[in-house]
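Here is how the chains run, residue by residue.
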2 protein chains.
Amino acid sequence: MKLTILGCYAATPRTFTNPTSQVLEINNELVLIDCGEGTQVELRRNKVKFSRIKHIFISHLHGDHFFGLVGLISTFRLLNRESELHIYGPKGIKEVITLQLKLSSSWTSYPLYFHELDSKEPENILNTKKFSVETIPLKHRIYANGFLFREKPGDRKLLMNEVLNHNIDVAYYRGIKKGKDAILEDGTVIANSKLTSDPEPSMSYAFCSDTKYNPDMVEQLKEVTVLYHESTFLEEHAYLANPTKHSTAKEAAAIARAANVSTLVLGHYSTRYNDIQLFKTEAEEIFSSVELADDGKIFSF
Amino acid sequence: MKLTILGCYAATPRTFTNPTSQVLEINNELVLIDCGEGTQVELRRNKVKFSRIKHIFISHLHGDHFFGLVGLISTFRLLNRESELHIYGPKGIKEVITLQLKLSSSWTSYPLYFHELDSKEPENILNTKKFSVETIPLKHRIYANGFLFREKPGDRKLLMNEVLNHNIDVAYYRGIKKGKDAILEDGTVIANSKLTSDPEPSMSYAFCSDTKYNPDMVEQLKEVTVLYHESTFLEEHAYLANPTKHSTAKEAAAIARAANVSTLVLGHYSTRYNDIQLFKTEAEEIFSSVELADDGKIFSF
């Protein structure tokens, strides 16, 4: 998995920081998560190939998470995109995007599908050969979802010594990697378990922004590989977190610890802070494996 | 007058060029003209004080001229703006902005007024003490207006020698500058024309983008000080101008010459060109006083 942070600051875009957007590469497929104003320029700056994006997930309809979406959809048309684009986001997203396309007489040249969300329970919203996606209900000022991406298990790994010992023809390798037993020319059956080992463990990525501290989500986040959890505030401004329905770095770390994730990535910092290192320091008091998102930063897991 | 070009390239925002937006300072008042995606960041980069913007004029509802508007309106709220904001633009602009504010539960903290335009004739849409604005109907793929800004005449200029000769008290200066005659203590009336000279000539600025070549607008543009006219294409791509309803640099120059403007500013270049200098070269074959807009460039007239 590769995670490219296009923007991870709260509220307004500024000269040197961008609102939320990130690209997740999972099993060689790209998805875009949130799309604040300026996202299309950040995609260019980070040399992400536009045509590889087939699915866009929007957490909620605050501007810093979706004001760049209509521009990106329009730019795809100007670039003569032909392949399908799927948008997943809160109810209302279809109306607001299509109204803008209508007013500008700029319908897309490619099939554009909206998958509007309104459930308050986790739901599976996408299954491809490569990965699955389920929603993570968040507690924010307006209806919001996080998204949990899980790689589909890869092929089983051939134990080459065993395969060669049994003189199995290369033509059967693909089937064996998919879990089939081998049948030799004399009819002998070799169990798959003798010829293969388990595939690489599947990774998972949970995006949770924006939300107030919400232990209800821990059960769903158990053992995920990487949790991106918003941390708008430091402890000194904890009194602002509840009324605005945001989290502190410590609260994000508490969720990470309870869910026993492998790595916590912090982001969605209030623009009042000059030194984001303090978020890491505070979170590490609770949880040891903490990374800081920052615009243009790339994580490989 | 001072004109700050925030962006002047057609179609999509790119890493180093921005879609249309400009700030006009006229008689010490600021107005914003068009608002492509990223405008709020360009305002910051150019150190334009947000609170000085009271009027925003949107030519048409193509994304490269207005996708940045909702973000700017939202940011004004986050910055706790209190003063009125007036938006002038095509019918539909109110619905699309208010729908987005509704979906994000982010109503403005300040009075926001929409002035929707649907007339196909020039109309006066604003009169302040400092300037007036009238629409310039454009011919584009969708309903579009240019805007003609005219400074209100300044005060008459005191002829200080005459004023002192007549021993006129300083308390009367303001009235005399506004055009009043002076009445001396003995009742003698001194005609204003003997005490003052004409004010500085009033300047005017016409913004015309996007439009195909349209000689119908020449009458309205007669003798304006500065004409900003789009020139999306060079002559070699003139065959693209008519179907897309854009202009070439030569066509922009032909309008400038016919209207006898003082200065033509070209902009809205297609992003296919690497060297915008060619636009000037081509326009100068028709009209001598040509300037090239470019992102971040400031013109003082």
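Residues numbered from 1 in each chain as written. Chains lettered and ligands numbered in written order. Predicted model: local features only at pLDDT ≥ 70, side-chain atom pairs only at ≥ 80, totals over all residues. Heavy atoms only, no water.

**Digging into the pairing of strand S8 (residues 131-137) of chain B**
Residue and element names in this part refer to chain B. For S8, the buried fraction is high: six of the seven residues fall into the buried class. Pairing of strand S7 (residues 124-127) with S8 involves three bridges; the strand directions are antiparallel. Directly across from asparagine 127, in S8, lies its bridge partner serine 132. The turn joining S7 and S8, which pair antiparallel and follow one another in sequence, is formed by three residues. (Buried < 20%, exposed > 50% of the residue type's maximum accessible area, 1.4 Å probe, protein only. Helix = DSSP H or I, 4+ residues; strand = E, 2+ residues; numbered from the N terminus. Pairing = 2+ DSSP bridges.)

**Thoughts on the sheet that holds strand S5 (residues 85-90) of chain B**
Residue and element names in this part refer to chain B. Pairing is mixed across the open sheet formed by seven strands, whose spatial order is S6-S5-S4-S3-S2-S1-S18. At either end of the open sheet lies a strand with only one pairing partner, and these are strand S6 (112-117) and strand S18 (298-300). Pairwise comparison of adjacent strand axes, ignoring direction, gives a mean angle of 20° for this sheet. Two strands pair when backbone bridges link them, and strand S2 (residues 21-26) and strand S3 (residues 29-33) are joined in this way by five bridges, in the antiparallel orientation. The residue bridging glutamate 25 from the neighbouring strand is leucine 30, located in S3. Packing against the sheet, helix H3 (residues 69-78) makes contact with S3, strand S4 (53-57), S5 and S6, and its axis sits at approximately 170° to S5. Against the sheet, helix H4 (residues 93-103) touches S5 and S6, its axis set at about 145° to S6. (Axes fitted to C-alpha atoms, helices over the stretch in contact; angles between N-to-C directions. Contact = heavy atoms within 4.5 Å.)

**Things to note about the nonpolar core**
Among the nonpolar cores identified, the biggest contains 62 residues, and Ile56 of chain A together with Ile56 of chain B are the most heavily contacted of them. With sequence-adjacent residues up to four places away left out, isoleucine 56 of chain A is seen in contact with Leu32, Leu69, Leu72, Phe76, Leu85, His86, Ile87 and Tyr88 of chain A. (Core = buried A, V, L, I, M, F, W, Y, C linked by side-chain atoms within 4.5 Å.)

**A short note on the UniProt feature "active site" (unreviewed entry) in chain A**
Residues and elements named next belong to chain A. What UniProt calls "active site" (unreviewed entry) maps, in this numbering, to Asp64. By the element assignment, aspartate 64 lies in helix H2 (residues 63-66). Among residues more than four places away in sequence, those in contact with aspartate 64 are Ala10, Ala11, Pro19, Thr20, Gly36 and His268. (UniProt positions renumbered as here; feature names shortened; annotations may be inferred.)

**So, helix H11 (residues 277-284) of chain B**
Residue and element names in this part refer to chain B. Taken as a whole, H11 has its buried residues at Phe279, Glu282 and Ala283. One face of H11 carries all of its buried residues, which in axial projection span an arc of 95°. Tucked inside the fold, the buried residues of H11 contact helix H10 (249-259), strand S16 (263-267) and strand S17 (290-292). (Arc of directions from axis to C-beta.)

**Considerations on the UniProt feature "binding site: Zn(2+) 2" (unreviewed entry) in chain A**
Residues and elements named next belong to chain A. The UniProt record marks Asp64, His65, Asp210 and His268 with the feature "binding site: Zn(2+) 2" (unreviewed entry), using the residue numbering of this structure. The named residues occupy 205 residues along the chain; their greatest pairwise C-alpha distance, 10.5 Å, places them in one compact cluster. One can find histidine 65 in helix H2. Judged by its relative accessible area of 0%, histidine 65 is buried. Once residues within four sequence positions are removed from consideration, histidine 65 is found in contact with Thr20, Asp34, Cys35, Gly36, Ile58, Ser59, His60, Ser209, Asp210 and His268. Secondary-structure assignment places histidine 268 in the loop between strand S16 (263-267) and helix H11 (277-284). Take histidine 268: its relative accessible area is 1%, and that puts it in the buried class.

**Some thoughts on the interface of chain A and chain B**
Counting residues at the interface gives 33 residues for chain A and 33 residues for chain B. For the chain A and chain B pair, buried surface summed over both sides reaches about 2,700 Å², with 65% attributable to carbon and sulfur atoms. Counting the surface chain A buries against chain B, the share from its top three residues, Glu37, Phe67 and Leu103 of chain A, is 22%. The tally of links from chain A across to chain B stands at zero salt bridges. On the surface where chain A and chain B come into contact, there are ten residue pairs in polar contact (both at pLDDT 80 or more). Every element with two or more residues in the side of chain A that touches chain B is listed here: helix H1 (39-45), helix H3 (69-78) and helix H4 (93-103) of chain A. Residues of the side of chain A that touches chain B, tallied by class, amount to twelve nonpolar, 15 polar and six charged. (Buried area = accessible area lost by both parts, 1.4 Å probe. Salt bridge = Lys/Arg side-chain N within 4 Å of Asp/Glu carboxyl O. Polar contact = N/O pair within 3.5 Å; in protein donor to acceptor, adjacent residues only side chain to side chain. Nonpolar A, V, L, I, M, F, W, Y, C, P; charged D, E, K, R; others polar.)

**Details of H3 of chain B**
Buried residues dominate H3 of chain B, accounting for eight of its ten residues. For H3 of chain B, the complete set of buried residues consists of Leu69, Val70, Gly71, Leu72, Ile73, Ser74, Thr75 and Phe76 of chain B.

**Some points on the side chain of serine 270 of chain B**
Along the polypeptide, serine 270 of chain B turns up in the loop between S16 and H11. In this structure serine 270 of chain B touches Ala10, Thr232 and Phe233 of chain B, once residues within four positions along its chain are discounted.

**Side note on a negative patch on the surface**
Taken together, the side chains of Glu95, Glu116 and Asp118 of chain A together with Glu95, Glu116 and Asp118 of chain B present a region of like negative charge at the surface. Note on placement: glutamate 95 of chain B falls in helix H4. (Patch = residues over 30% accessible without salt bridge, like charges linked within 9 Å, V, L, I, M, F, W, Y side chains within 5 Å. Areas by Shrake-Rupley, 256 points an atom, 1.4 Å probe, with all protein chains shown as cover. Lys, Arg positive; Asp, Glu negative; His and termini not counted. Charge placed at Lys NZ, Arg CZ, Asp CG, Glu CD.)

**Some remarks on the relation of the copies chain A and chain B**
Superposing chain A onto chain B takes a rotation of 180° plus a shift of 0.0 Å along the axis, which leaves an RMSD of 0.1 Å. Taken together, the rotation and translation relating the two chain copies correspond to the operation of a two-fold axis. Within chain A, glycine 38 of chain A has its C-alpha nearest the rotation axis, a separation of 2.9 Å. When the interface residues of chain A are mapped onto chain B, 100% of them again fall at the interface, so both copies present the same face. (Least-squares fit on C-alpha atoms with pLDDT ≥ 70 in both.)

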